[in-house]
Structure formats: structure tokens, C-alpha cells
Amino acid sequence: MVDQQARTGGDRRPTEIPAIRWEEPPEGPVLVLLDQTRLPAEEVELVCTDAAALVEAIRSLAVRGAPLLGIAGAYGVALAAARGFDVAEAARALEEARPTAVNLSVGVRRAQAAHQAALARTGDPTAAAVAALAAARALHQEDAEASARMADHGLALLDELLSGGGHRILTHCNSGSLVSGGEGTAFAVALAAHRAGRLRRLWVDETRPLLQGARLTAYEAARSGMAYTLLTDNAAGSLFAAGEVDAVVIGADRIAADGSVANKVGSYPLAVLARYHHVPFIVVAPLTTVDLDTPDGASIEVEQRPGFEVTEVAAPQAAGVGGGIPVAPLGTQAYNPAFDVTPPELVTAIVTEEGVVSPVTAEALADLCARSAAGAPSASG
């Protein structure tokens with residue numbers, strides 16, 4: 001069950017309204033989400049009292065972004081356990097809510113494994129629910145720490161690749177604190193450059209059809225005091241041709257074992273443009289986004305979204321639920337993949353919390369993951 005509570009916008013930065021948090025009011029534990037479909041017009045929170053409500057929030061994109069989906073999935077399992085619902089059933093529903101973002105299943109399985117282990121050890125459902133919540137909270141904290149390390153690695157890489165220090169970065173979709181337990185992935189790198197005085201301009205793709213760049217990245221950039229400019233997705237080629245892009249920095253929803261990167265649709269054309277114009281194309285993502293069980297890009301399941309997202313334009317308050325203003329004739333069919341896949345040969349580097357992979361190869365990715373699992377210090381490729 002979901003309840004909505006409106007909050008005034010004021011001049012608060014997005015990090016002051018957490019994208020996700022666990023609360024325990026007298027009537028029972030809840031998961032509170034910042035409804036991202038309502039931004040930037042309103043800052044509204046959704047209160048989920050069960051996993052089914054969280055599944056709907058995930059599908060409607062009220063909560064989104066690979067790292068945050070992992071955190072949400074873990075909390076969803078904990079919520080089901082704490083409320084006395086069937087944990088296995090809740091876990092299945094959560095995993096299926098969005099198939100492309102691997103972090104979601106990672107978070108769900110981590111909390112579910114903690115729950116099962118505690119239940120087997122103690123036979124106490126309450127102790128098992130506590131264990132699931134502890135796993136979710138640990139993942140949340142780890143993601144915040146990973147975000148800070150990715151920002152450091154990413155800024156160091158930009159400084160290594162680019163001369164002059166006045167970085168002009170093009171990004172796509174949204175990859176800041178709205179998708180993370182910390183300050184994000186790709187956006188966190190741009191934010192680090194801004195704080196260091198080395199960001200000249202953040203170019204923000206609007207990211208059609210749901211405008212996550214216009215609604216969310218611009219929102220975060222404005223709140224952070226960054227120099228940013230919004231552009232339509234189809235203006236990116238003009239920007240490259242004018243020599244106004246020093247680097248493309250994006251996030252990822254799944255990285256296959258060979259280094260293929262699934263990210264919000266529109267990312268692959270940017271990689272092609274970047275290669276033609278000799279501009280670095282950098283992917284920033286935590287290791288939880290690397291899926292060594294998916295061998296290559298062709299094996300990544302790409303989510304297909306409803307056609308009305310393309311054939312209608314909706315206000316933020318109505319995003320993802322239909323009822324928008326028609327921009328195509330009634331009955332028009334729409335092709336609306338949520339993601340596209342960029343092959344590894346077009347990726348200059350993958351930045352993770354454990355270091356940088358460049359050039360991007362299956363061997364380098366596997367080695368980084370193995371060293372991370374073993375707890376060994378990582379080095380840039």
C-alpha cells in the first residue's frame with residue numbers, strides 16, 4: 001500500500017530529502033521513497049507498507065537508477081519479512097519488476113540470503129527479519145561509500161585524459177543522489193570536478209521520452225550550483241561537431257562480462273559520436289552493476305516500456321501513468337526500449353569503486369571483480 005505526502009520544495013538540496021529511507025512508525029515499518037515522477041515540480045514522498053507497493057513504485061519509475069534499485073530491492077525483502085509476508089514471493093516479484101538493472105536482483109538476493117540464513121540458524125522469523133534489514137542497511141552504506149570512491153577515481157581519470165582542467169562533460173539520463181545511497185555514479189564525478197573548480201560546463205541530455213535528464217539531472221545540478229546547460233538528445237551531434245564536449249560520462253544499469261554496457265536508451269549513439277570525434281566515453285558504475293553471468297551485450301534483456309510514453313507528453317505529476325497530451329495520431333505504435341547496449345570497443349574506461357578498467361576487456365573486468373572479492377587493493381588499468 002502506498003500513501004503520498006506532499007512536501008514543499010524550498011531551496012533544499014536533493015541530498016536533504018533522501019531518495020529512500022526506512023522508518024518504523026507505531027503502526028509498523030515502512031519504506032519511504034522520494035517520488036521521482038513528480039520532480040522537479042513537486043517533492044512528494046511515497047510510503048510503501050508492503051513489497052507489492054514497492055514493485056509498483058519501481059515499475060512506474062517513482063524509484064529508479066541501478067544502485068538505488070539494489071538498495072530498494074533489499075529493503076523490500078526486509079519489509080516483507082518485518083510485516084510477516086511471504087519473503088520468497090516478495091523477492092520474486094521485486095526481481096521481476098525491472099529486468100535490465102542487475103543491481104535490483106543483487107540487492108534482493110543479498111537480503112533474502114541473510115533472511116534465510118538467520119531463519120535456518122535460529123528458527124525465529126523476527127530474528128530473520130532483523131537480519132534482512134541489517135543486510136539492506138549495509139548495502140545502503142556500502143553504496144554511499146562506493147559513490148565517493150567512484151567520484152575520486154573518475155575525477156583522477158578526467159584529469160589524466162584531459163588537459164587544461166576546464167572539463168566540459170556531457171551526461172545522459174540521471175546518475176546522481178537520486179539513484180544512489182550517496183552522491184551517485186557519473187553525476188558524482190561531475191560534482192567532484194565542480195567542487196574542485198575543474199568543471200567548465202555540464203551538458204545535460206534531456207533524455208527522451210521520460211526526460212530524466214531535464215527533470216532530474218538539471219534539478220540536481222541546479223541544487224548543487226553547477227554550471228550546466230540542457231540540450232535535446234538530437235542536439236548532441238551538433239555539440240560534438242562544435243568541439244564543445246571534452247568527455248561523455250554516463251552510468252550503467254548492467255555491464256556484461258565482456259564489458260558491454262546497458263544504459264538508458266540514447267547512450268549508444270553518444271558512444272558512436274564520441275568515437276568519431278575522438279572524445280573519451282566513460283562509464284561510471286559500482287561493481288554490483290557488473291554481471292559476470294551475462295556473457296555479452298546480446299545476452300542482456302532490454303526492458304520494453306509502454307508506447308504511451310512516446311506517443312504522449314505528460315506533466316511530471318502524471319509521468320508514467322498515461323493521460324498525457326497526445327503528440328501522435330491515435331493508434332500509433334511506438335518503439336520504446338528503456339535501454340540500449342554499447343559494445344566494449346566504444347567504451348574508453350569503466351570506473352568502479354575499486355578502480356578503473358581501461359582498455360575494457362572481459363579479462364580486465366573479471367580480474368577487478370576477483371581482486372575486489374578477495375579484498376586485494378585495486379589499481380587502475
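Quick notes on the rules
Residues numbered from 1 in each chain as written. Predicted model: local features only at pLDDT ≥ 70, side-chain atom pairs only at ≥ 80, totals over all residues. Heavy atoms only, no water. Helix = DSSP H or I, 4+ residues; strand = E, 2+ residues; numbered from the N terminus. Contact = heavy atoms within 4.5 Å. Areas by Shrake-Rupley, 256 points an atom, 1.4 Å probe, with all protein chains shown as cover. Lys, Arg positive; Asp, Glu negative; His and termini not counted. Charge placed at Lys NZ, Arg CZ, Asp CG, Glu CD. pLDDT = per-residue confidence, 0-100. Pairing = 2+ DSSP bridges. Buried < 20%, exposed > 50% of the residue type's maximum accessible area, 1.4 Å probe, protein only. Polar contact = N/O pair within 3.5 Å; in protein donor to acceptor, adjacent residues only side chain to side chain. Expected span 1.5 Å × (residues − 1). Axes fitted to C-alpha atoms, helices over the stretch in contact; angles between N-to-C directions. Parallel < 35°, antiparallel > 145°, perpendicular 65-115°, else oblique. Left-handed = near helix turned anticlockwise from the far one by under 90°. Nonpolar A, V, L, I, M, F, W, Y, C, P; charged D, E, K, R; others polar.

Looking now at the overall build of the protein. Secondary structure assignment for the protein yields 11 helices and 17 strands. By its C-alpha atoms, the protein is 65 × 55 × 40 Å across when sized along the principal axes. Looking at the protein alone, contacts between residues at least 24 apart form 75% of all its contacts between residues at least 6 apart. When the accessible surface of the protein is summed, it comes to about 15300 Å², and 53% of that surface belongs to carbon and sulfur atoms. Charged side chains in the protein number 28 positive and 45 negative. The centres of these two groups are separated by 4 Å.

Another point: the confidence of the model for the protein. The pLDDT averaged across the protein works out to 92; a share of 92% of its residues lies at or above 70. Confidence drops under pLDDT 50 across residues 2-15; counting only partners more than four residues distant or on other chains, this segment forms 38 contacts. Considering only residues more than four positions removed or in separate chains, one finds that residues 377-381, a stretch of pLDDT under 50, has nine contacts.

Pairing in this open sheet of four strands is mixed, and the strands run S12-S9-S10-S15 from one edge to the other. Single-partner strands in this sheet number two, and they are strand S12 (290-291) and strand S15 (339-342).

Relative to the assigned elements, Glu43 resides in strand S4 (residues 43-48). Given a relative accessible area of 3%, Glu43 falls into the buried group. At a separation of 2.4 Å, a polar atom in the side chain of Glu43 contacts the side chain of Tyr219. Within polar-contact distance, the side chain of Glu43 engages the side chain of Arg223 at 3.3 Å.

This next bit is on helix H5 (residues 125-161). Taking 1.5 Å per residue as the helical rise, H5 with its 37 residues ought to reach 54 Å, and the 53 Å between its terminal C-alpha atoms agrees with that figure. A side-chain oxygen of the first residue of H5 lies 3.0 Å from the backbone nitrogen of Thr126; this N-cap is Asp124.

Note on placement: Ala298 falls in the loop between S12 and helix H10 (308-311). Distance in space between the C-alpha atoms of Ala298 and Arg208 is 23 Å, their sequence separation being 90 residues.

For the rest of this paragraph, the subject is the pairing of S4. The buried fraction of S4 is high, at six of six residues. Here S4 shows a buried face lined by Glu43, Glu45 and Val47 and a second buried face lined by Val44, Leu46 and Cys48. Here strand S3 (residues 30-34) pairs with S4 via four bridges, running antiparallel. Directly across from Leu33, in S4, lies its bridge partner Leu46.

The next subject is the side chain of Arg254. Tracing the backbone through its elements, the reader meets Arg254 in strand S9 (residues 254-256). From its side chain, Arg254 meets the backbone oxygen of Thr100 in a polar contact 2.9 Å long.

Moving on, we get to the packing of helix H2 (residues 66-83) against helix H3 (residues 87-96). Running from N to C, H2 and H3 cross one another at 155°; their axes reach a closest spacing of 9 Å. It follows that H2 is roughly antiparallel to H3 by the angle criterion. Here H2 and H3 pass one another in a crossing that is right-handed. For the pair H2 and H3, contact is made by Gly73, Gly76, Val77, Ala80 and Ala81 and by Val87, Ala90, Ala91 and Leu94, respectively. For the contact of H2 with H3, the per-class residue count stands at seven nonpolar, two polar and no charged.

Further remarks concern the sheet that holds strand S16 (residues 349-352). Taking strand neighbours across the sheet as the criterion, the seven strands line up as S7-S6-S5-S8-S11-S16-S17 in an open arrangement whose pairing is mixed. If you trace the sheet from one side to the other, it starts and ends with strand S7 (228-231) and strand S17 (355-357), each paired once. The mean inter-strand angle of the sheet, taken between neighbouring strand axes irrespective of direction, is 25°. Pairing geometry for strand S6 (residues 199-205) and S7, over four bridges, is parallel.

Sheet faces and side chains relate simply in a regular strand, where the side chains alternate between the two faces. Burial analysis of S3 places five of its five residues in the buried class, the great majority of the element. By the alternation rule, side chains of S3 split into Val30, Val32 and Leu34 and Leu31 and Leu33, which are all buried. As paired elements, strand S2 (residues 20-23) and S3 share four bridges and run antiparallel to each other. Residue pairing in the sheet places Trp22 in a bridge with Leu31 of S3. In this structure, the hairpin formed by S2 and S3 is closed by a connection of six residues, where Gly28 is found at a positive phi of approximately 130°.

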